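Residue strings, one per chain:
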Amino acid sequence: MTLSDTGHTVEGTGAVVDGNVVRIQNAGNYVISGTCTNGQIIVTAAKEDKVRLVLNGMSLQSETDAPLIVESADKVTLTLAAGTENAFSDANQTASAPERSEGANACVYSREDLVINGEGALTVHGNFNNGIASKDDLRIVSGTVTVASARNNGLKGKDAVSILDGTIVVKSDDDGIKSDNETDAGRGVINMFGGNVTIECGDDGFQATTSIQIAAGTATVRAGGQQLNSPNSYAAPGCLQR
């Protein structure tokens with residue numbers, strides 16, 4: 001898949017081009033490169049389908065909406081190809097803008113589980129609201145992930161945010177990393193098991209409705225609010241720094 005202002009191109013099956021939008025409709029691996037200053041990728045796979053998007057040196061912006069939206073799938077994985085720089089950026093539109101897809105309150109927005117891995121880099125500019133958000137679980141396994149700006153939260157997983165490894169930089173106006181499921185037992189949690197996280201934010205660094213656990217790795221948090229804000233918070237010795 002090659003993105004372009006003059007027309008996206010897709011080789012193979014499972015995805016179609018609809019104007020300036022690429023619609024991914026089936027399970028599979030999709031390698032994405034190229035640059036587009038006003039377009040979208042929308043995933044509308046079946047609920048049992050696993051979709052992997054290999055970001056292979058791509059940049060995608062949208063003038064009106066979230067550039068990447070996962071509407072349906074079992075799970076979507078963003079794999080950052082080794083040695084590549086990749087970017088998403090959305091526009092600063094008001095919450096009532098009719099062009100914005102319903103519920104898409106992040107630059108990278110998923111209604112399903114979202115995983116980020118690989119050995120490349122991803123930079124996100126959340127000019128509208130959140131940087132990267134999942135309505136289910138958000139998991140970062142590896143790679144360099146930078147939320148260069150977010151008008152609300154930097155990283156958000158409604159059910160859970162899990163960080164296994166990688167280098168993560170978040171700059172946000174509100175909370176840095178957030179999980180806010182208040183209704184389901186065992187949800188609304190943040191777990192960090194490794195990696196290097198740096199947060200600069202206007203409110204809390206880590207905010208979760210149930211629990212926060214920083215078991216390993218290093219988290220450097222400069223926050224306008226609390227470094228950790230949850231009814232149950234734990235940081236292993238030496239893991240949390242200012």
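Analysis parameters
Residues numbered from 1 in each chain as written. Predicted model: local features only at pLDDT ≥ 70, side-chain atom pairs only at ≥ 80, totals over all residues. Heavy atoms only, no water. Helix = DSSP H or I, 4+ residues; strand = E, 2+ residues; numbered from the N terminus. Rg over C-alpha atoms; globule rule 2.2 N^0.38 Å. Buried < 20%, exposed > 50% of the residue type's maximum accessible area, 1.4 Å probe, protein only. Contact = heavy atoms within 4.5 Å. Areas by Shrake-Rupley, 256 points an atom, 1.4 Å probe, with all protein chains shown as cover. Pairing = 2+ DSSP bridges.

Novice: Outline the overall build of the chain, listing residues and values.
Specialist: Helix and strand counts for the chain come out as 0 helices and 25 strands. Taken against the 2.2 N^0.38 rule, which gives 18 Å for 242 residues, the C-alpha radius of gyration of the chain at 17 Å falls within 12% of a compact globule. Along the first, second and third principal axes, the C-alpha atoms of the chain reach 50 × 35 × 35 Å. The buried share of the chain, taken over its 242 residues, is 52%. At a minimum sequence separation of 6, the contacts of the chain that also span at least 24 residues come to 50%. About 9,800 Å² of surface is accessible on the chain, with carbon and sulfur atoms providing 42% of the total.

Novice: Lay out the pairing of strand β20 (residues 189-201) with the relevant residues and their values.
Specialist: Bridge analysis of strand β17 (residues 160-163) against β20 gives 4 bridges, and the strand direction is parallel. The residue of β20 that forms the bridge with isoleucine 163 is methionine 192. The pairing of strand β18 (residues 167-172) with β20 spans 6 bridges and is classified as parallel. From the neighbouring strand, valine 169 faces β20, where its bridge partner is threonine 198. Inspection of the sheet shows β20 paired to strand β22 (residues 211-223) by 11 bridges, in the parallel sense. Across the sheet, the residue bridging to methionine 192 is isoleucine 214, located in β22.

Novice: Which residues make up the sheet that holds strand β7 (residues 68-72), and what values do they have?
Specialist: Taken together, 10 strands build an open sheet; the order of strands is β2-β3-β5-β7-β10-β13-β16-β19-β21-β23 and the sheet is mixed. Each end of this open sheet is capped by a strand with a single partner; those strands are β2 (15-18) and β23 (228-229).

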